[in-house]
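Architecture at a glance
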Amino acid sequence: MKIVSVDAIQLKRLDVSAQTPVLCRINTDEGIYGYGEAGVSIFDYSVGAYQLIKLMAKMIIGMDPLDTDAVYHKLAGNFWAQGNGGVIMAAISAIDTALWDIKGKYFGVPCCKLLGGVHRTKLRTYASQLQFGWKSETFMASPGDIGFLQEACHAAVEDGYNSVKIDLISKRLDGKPTSSEEMHIHFQPSTMRELEKKLDACRQALGSDVDIILENHNGTTAMTAIEFARMAEPYGIMFLEEPASPLSPMDYQRIAAHTNIPLATGERTYTRRGFLPLFQTGCLSVAQPDLGNCGGYTEGRKICDMAEAFSISVQTHTCNTPISVAAALQFEAAIPNFIIHEHHTVNTLKEVTDLCIYNYQPVDGYFEIPDRPGIGNELSEKALAEAVVIESVKGA
């Protein structure tokens, strides 16, 4: 079997989530094809990955798609990819995932079987990014006030979730963005009181049996993350995500030394070489690689195996289309150090779920692992018909 063409696909922009999904579809001489997604679609960075997919396609035409490791190393070993850039790695990740999709279809099994086998058939799942609401079309225009946050918490609990994630720092109660200077240098007492008021309201709405994950989106540095964590500790936080830049492992050491809340990061960290300095600090409890930019299944599995050697749990970052959701479900079923699955609020919205032929949703806070071959999903006819551009790269 050989790769005969690669289709670079740029879907229409999703205004509900400010994303432009970019995917690749790899086609073989045996009629089997596979899908993969570039996981940098937030704020449209994926447009760069679209161009790179076309360039990289020329490097793999004629290769055997089952040789996933050989293809990955050919792409990851090229000149600029060795610098670990996010957009470059997103293009490589899309190609790699598509090859694993082909491999699963070729052998007639879901990808989890090829990644080492099934450790679990159900995945505990959290409702992600409640500051935007839950199942709410107001994603990019949410008010962020107390009533809105509590309504989102109630909605998630009613759906059966026993864990949620919220970013409390990015927006003030009046709906205005929090000052970047405050987030980087020092939270004023009035800001800290407001943050605690929001967290307390969420805890009251959720009750004592629901885990809360706090998300700082790299908005804080060591100083302000410590201030925030000290305030949040009494509320029983499951972990604190992206309290500082992943490029600053020493910041993570400082934060960990001043809080008992476990720390997590990874959505903007690429390949095992990017994760290694964070693992070596001994302060990370949860690694969050995004299969759409960390290097796909091939590199993602190596990251997770390395994390296990450091006693670190894994939750893949998942915020793109249902293609990425399906890929993550297969992957997380097959790793021993899985902790919880992220279900982003955008993946509850019809504009997003209509992009694929299958709409996988959790029941009572748990995902069942699909048993379809490959990653178990593909783009719908509607999504393909409405795509901005689809360009096929073929051999000479």
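Definitions and cut-offs
- Residues numbered from 1 in each chain as written.
- Predicted model: local features only at pLDDT ≥ 70, side-chain atom pairs only at ≥ 80, totals over all residues.
- Heavy atoms only, no water.
- Helix = DSSP H or I, 4+ residues; strand = E, 2+ residues; numbered from the N terminus.
- Rg over C-alpha atoms; globule rule 2.2 N^0.38 Å.
- Buried < 20%, exposed > 50% of the residue type's maximum accessible area, 1.4 Å probe, protein only.
- Contact = heavy atoms within 4.5 Å.
- Areas by Shrake-Rupley, 256 points an atom, 1.4 Å probe, with all protein chains shown as cover.
- Core = buried A, V, L, I, M, F, W, Y, C linked by side-chain atoms within 4.5 Å.
- Salt bridge = Lys/Arg side-chain N within 4 Å of Asp/Glu carboxyl O.
- Arc of directions from axis to C-beta.
- Disulfide = S-S within 2.5 Å.

Considerations on the overall build of the protein
The secondary structure content of the protein amounts to 14 helices and 13 strands. Compactness check: the protein gives a C-alpha radius of gyration of 20 Å against a globular reference of 21 Å for 396 residues, within 12% of the reference. Counting only C-alpha atoms, the protein reaches 65 × 40 × 35 Å along its principal axes. Here the protein holds 396 residues, and the buried ones make up 61% of them. Taking the contacts inside the protein whose residues are at least 6 apart along the sequence as the reference set, 73% of them involve residues at least 24 apart. Surface exposure of the protein reaches about 15,000 Å², of which carbon and sulfur atoms provide 53%.

As for the nonpolar core
Grouped together as the largest cluster of nonpolar side chains are 87 residues, with contacts concentrated most on L130, L199, L214, F279 and Y297. With eight residues, helix α12 (residues 322-333) is the largest single contributor of residues to this core. Residues within four places of L214 in sequence aside, it is in contact with I166, L168, L199, F228, A232, I237, F239, L240 and E241. Within the second largest apolar cluster, 35 residues are counted, among which are V6, V22, I53 and A81.

Concerning the pattern of salt bridges
Side chains that differ in sign of charge can pair as their charged atoms come close. Enumeration according to the criterion identifies 19 salt bridges in this entry. A salt bridge links E242 to R268; its shortest N-O distance comes to 2.8 Å. Separated by 26 residues along the polypeptide, E242 in the loop between β7 (237-241) and α9 (249-257) and R268 in the loop between β8 (263-265) and α10 (271-280) bring together distant segments of the chain. Here R268 falls in the partly exposed class, since its relative accessible area comes to 37%. The shortest N-O distance in the salt bridge between R301 and D305 comes to 3.1 Å. One end of the pair is R301 and the other is D305, both in helix α11 (residues 296-309) and four residues apart, which spans about a single turn. Residue classification places D305 among the partly exposed residues on the basis of a relative accessible area of 34%.

Considering helix α2 (residues 68-76)
Inspection of α2 places T68, V71, Y72, L75 and A76 among the buried residues, and these make up the whole buried set. Looking straight down α2, one finds its buried side chains confined to an arc of 120°; they lie on one side. Buried residues belonging to α2 abut α1 (46-60), α3 (86-107), α10 and α11.

Describing unusual backbone geometry
Even without glycine at this site, K135 takes up a positive phi of about 60°. Counting through the fold element by element, K135 comes out in the loop between β4 (122-128) and α5 (146-158). K135 sits in the partly exposed class, given a relative accessible area of 46%. Although it is not a glycine, D364 adopts a positive phi angle of roughly 55°. Of note, D364 is situated in the loop between α13 (350-353) and β12 (366-368).

Looking at the state of the cysteines
Per the stated rule, a full pass over the model turns up zero disulfides. Here C283 is not disulfide-linked; the sulfur of C304 is the nearest cysteine sulfur, at 18 Å. Residue C304 stays outside any disulfide, its sulfur separated by 7.5 Å from that of C294, the closest cysteine.

Geometry only, nothing functional implied.
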